[in-house]
Amino acid sequence: MTGHEREDMVASPTMTGRERKDMVASPTMTLRERDDMVASPTMTGHEREDMVASPTMTGREREDMVASRTMTLRERDDMVASSTMTGYEREDMVASPTMTGHEREGMMSLRVFTVDAFSPRPFSGNPAAVVPLPKVLEDETLQKVASEFNLSETAYLVALEGEESAPWTSTCRYSLRWFTPVQEIPLCGHATIAASHVLFHELGNRSNQLEFETLSGVLVTRKDGDNIVMDFPNNAPVPVTPAQEHQLTPVVQAATGGLTVQQLLISHTLKYLLIRLHDSHSREELEAIIPDFTEMKRVHDGSLVMGVVVCLAGGADPNYQAFSRFFAPLYGVDEDPVTGSAHTVLGPYWADHLGRKDLNFRQCSKRGGDVKVTVLDDNRVSITGAATTVIHGHINL
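As the structure is a prediction and not an experimental result, all values here were calculated from the model.

Chemist: What should I look at first to understand a nonpolar patch on the surface in this one?
Modeler: Together, F123, V390 and I391 line one region of the surface with nonpolar side chains, adding up to about 310 Å² of accessible area. Structurally, the position occupied by F123 is in the loop between strand 1 (109-117) and strand 2 (126-132).

Chemist: Quick question: what am I supposed to make of the pairing of strand 13 (residues 322-328) here?
Modeler: A regular strand carries its side chains on alternate faces of the sheet. Burial of strand 13 is extensive: 7 of the 7 residues sit out of reach of the surface. The two faces of strand 13 match: A322, S324, F326 and A328 on one face and F323, R325 and F327 on the other face are all buried. Examined bridge by bridge, strand 13 and strand 15 (residues 358-363) share 3 bridges and lie parallel to one another. Directly across from S324, in strand 15, lies its bridge partner Q363. Pairing geometry for strand 13 and strand 14 (residues 333-336), over 3 bridges, is antiparallel. Its bridge partner lying in strand 14, A328 is registered against V333. Where strand 13 folds back on strand 14, the antiparallel hairpin that results is connected by 4 residues, among which G332 adopts a positive phi of roughly 85 degrees.

Chemist: Teacher, can you tell me more about unusual backbone geometry here?
Modeler: Glycine aside, the phi torsion of most residues is negative, and most peptide linkages are trans. Even without a glycine there, the phi angle at F118 is positive, about 60 degrees. On the basis of relative accessibility, which here comes to 3%, the residue F118 falls in the buried class. With a phi close to 70 degrees, F123 is a non-glycine residue in the positive phi region. The class of F123 is exposed, set by a relative accessible area of 67%.

Chemist: Would you mind going over the nonpolar core with me for this structure?
Modeler: Soluble globular proteins: nonpolar side chains tend toward being buried together. Ranked by size, the top nonpolar core spans 55 residues in total, and within it F118, L157, W178, L199, L274, W350 and I383 carry the most contacts. With 7 residues, the single largest contributor to this core is helix 10 (residues 189-202). Counting residues in hydrophobic clusters, the runner-up holds 25 residues, among them V251, I275, V305 and L312.

Chemist: Explain the environment of V305 to me, please; I cannot follow it from the model alone.
Modeler: Position of V305 among the secondary structure elements: in the loop between helix 13 (293-299) and strand 12 (307-313). Residue classification places V305 among the buried positions, given a relative accessible area of 3%. If sequence neighbours within four positions are ignored, V305 has contacts with L248, I266, K271, L273, H300 and L330.

Chemist: Help me understand helix 10 in this model?
Modeler: Because each turn of an α-helix spans 3.6 residues, side chains separated by three or four positions in sequence point in the same direction. Between its terminal C-alpha atoms helix 10 stretches 19 Å, which fits the 20 Å expected from 14 residues at 1.5 Å a residue. All of the buried residues along helix 10 are G189, H190, A191, T192, I193, A194, A195, S196, H197, V198, L199 and F200. Just downstream of helix 10, G204 is the residue with a positive phi angle, here 75 degrees.

Chemist: Looking at this structure, I do not really get the pairing of strand 2. What am I missing?
Modeler: Burial analysis of strand 2 places 7 of its 7 residues in the buried class, the great majority of the element. Of the two faces of strand 2, both are covered, the one formed by N126, A128, V130 and P132 as well as the one formed by P127, A129 and V131. Inspection of the sheet shows strand 1 paired to strand 2 by 5 bridges, in the antiparallel sense. Of the residues in strand 2, the one forming a bridge with D116 is P127.

Chemist: Mind showing me how you'd approach the pattern of salt bridges here?
Modeler: One side chain can pair with another of opposite charge once the charged atoms of both are near each other. Per the counting criterion, the structure on display carries 13 salt bridges. With a shortest N-O distance of 2.8 Å, E335 and R325 are connected by a salt bridge. Taken together, the residues span a long stretch of sequence, with E335 in strand 14 and R325 in strand 13 at a distance of 10 residues. The exposure class assigned to R325 is buried, which follows from its relative accessible area of 6%. Between D377 and K357 there is a salt bridge, and its shortest N-O distance comes to 2.5 Å. On the criterion of sequence distance, the pair formed by D377 in the loop between strand 16 (369-375) and strand 17 (380-385) and K357 in the loop between helix 14 (343-354) and strand 15 is long-range, its members being 20 residues apart. Through salt bridges with shared partners, one network takes in D139, R177 and E184.

Chemist: Can you help me understand the side chain of Q363 in this one?
Modeler: Summarising the element assignment, Q363 is placed in strand 15. Look at Q363 and you get buried, because its relative accessible area is 0%. A distance of 3.3 Å separates the side chain of Q363 from the backbone oxygen of P337, its partner in a polar contact. Separated by 2.9 Å, the side chain of Q363 and the backbone nitrogen of T339 make a polar contact. For Q363, the residues in contact, after removing those within four places along its chain, are S324, R325, F326, D336, P337, V338, T339, H343, G368 and G369.

Chemist: What is the right way to look at the side chain of S196 in this model?
Modeler: By the secondary structure assignment, S196 is in helix 10. Setting aside residues up to four positions removed in sequence, S196 forms contacts with L210, F212, T221 and I228.

Chemist: What is the right way to look at the packing of aromatic side chains in this model?
Modeler: Aromatic rings in a pair are described by how distant their centres are and how their planes are angled relative to each other. Inspection of the entire model under this criterion finds 7 aromatic pairs. Chaining the aromatic ring pairs together yields one cluster made of W168, Y174 and F212.

Chemist: I would appreciate a short explanation of helix 11 (residues 242-256) in the present structure.
Modeler: The largest bend in helix 11 amounts to roughly 50 degrees and is located at L248, with the proline P250 lying one to four residues further along. Among the residues of helix 11, Q244, L248, V251, V252, A254, A255 and T256 are the ones counted as buried. Looking at the buried side of helix 11, the elements it contacts are strand 10 (261-267), strand 11 (272-277), helix 13, strand 12 and strand 13. Downstream of helix 11 by a residue or two, G257 has a phi angle that is positive, lying close to 65 degrees.

The rules behind these values
Residues numbered from 1 in each chain as written. Predicted model: local features only at pLDDT ≥ 70, side-chain atom pairs only at ≥ 80, totals over all residues. Heavy atoms only, no water. Patch = residues over 30% accessible without salt bridge, like charges linked within 9 Å, V, L, I, M, F, W, Y side chains within 5 Å. Areas by Shrake-Rupley, 256 points an atom, 1.4 Å probe, with all protein chains shown as cover. Salt bridge = Lys/Arg side-chain N within 4 Å of Asp/Glu carboxyl O. Helix = DSSP H or I, 4+ residues; strand = E, 2+ residues; numbered from the N terminus. Buried < 20%, exposed > 50% of the residue type's maximum accessible area, 1.4 Å probe, protein only. Pairing = 2+ DSSP bridges. Core = buried A, V, L, I, M, F, W, Y, C linked by side-chain atoms within 4.5 Å. Contact = heavy atoms within 4.5 Å. Expected span 1.5 Å × (residues − 1). Polar contact = N/O pair within 3.5 Å; in protein donor to acceptor, adjacent residues only side chain to side chain. Phe/Tyr/Trp six-rings, centres within 6.5 Å; stacked < 30°, edge-to-face > 60°. Bend = angle between axes of the 7 residues up to and from the residue.

Shown next, in the form of structure tokens:
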């Protein structure tokens, strides 16, 4: 039987559903023939369901079915549930103007961005995932998505005001939350820069300044040329007590690889331990440390410290006032490449030690990044860094 003969049969108003089913099951049926069947106003929902279930049906054929204004909710549901349907096919369904809110709700597709913060170039600095949310999602879902990305932090944005049709361009106020692969955290600098970068440069936000409601209060960021400046709380550290030093000595030993320690301090607001290495050590020795992350988790339960900052004076280096590394295995992040929150501790400490308010730091992870800190008079610090988008895509929930 030729394709032309099949076309005549499809057009026939006397053809039964069973006859069409037999035609659908035929492995010799062409794309054009299926197209004609889909377009037929006499085709029933069950017949379309049989077509959707067919393993020989292509993505293009499904797209034509989705575009059909005669397709029912049940038929779309069957297509969404199909294990043979690809991500691109689902995206086409979500984009369809004839798709209802209920249908979209069952197959939410979220835009996602991966941004390298504290670096103007890809593949350096600290990567963070940024997810603009159309609505508030359950914490369990947010944690699962962050675990799926498995980056040091995933940032979630929700618009707090503005036009419903343009939430990313028409307001400057957002809710911002940060999740590691294992839990939510109270403050994250590089993911805040990443979120601001996405709003300014990917989503077209028209503001010059953004406000984020977070677990650490209201945080403000602004554009400064190609950089982003963050206004963060001052989390100045204080010297540890003798009892705290005794409790934390095993952590210090596991984090420093036996290098000589000059001073131990702690920021209670962030639960960060600041370890200053002796000035006799070099940047190369700091970079060569191989912490025992398993031991760090074994010897301390996080009751006093969740993150460890190991730092060293810049010495004769004319470009930096200090160098650092940051370890947080209790947060599920063995080493964070470049850590904005750690610089709310480092900045005040080195500003007091060196007697200057403007400081340049280098975080010496393998990726590495530069951080500029200014200690302000109102118990705040400004942290400046660049950012670049590396990945833009969708995640289907």
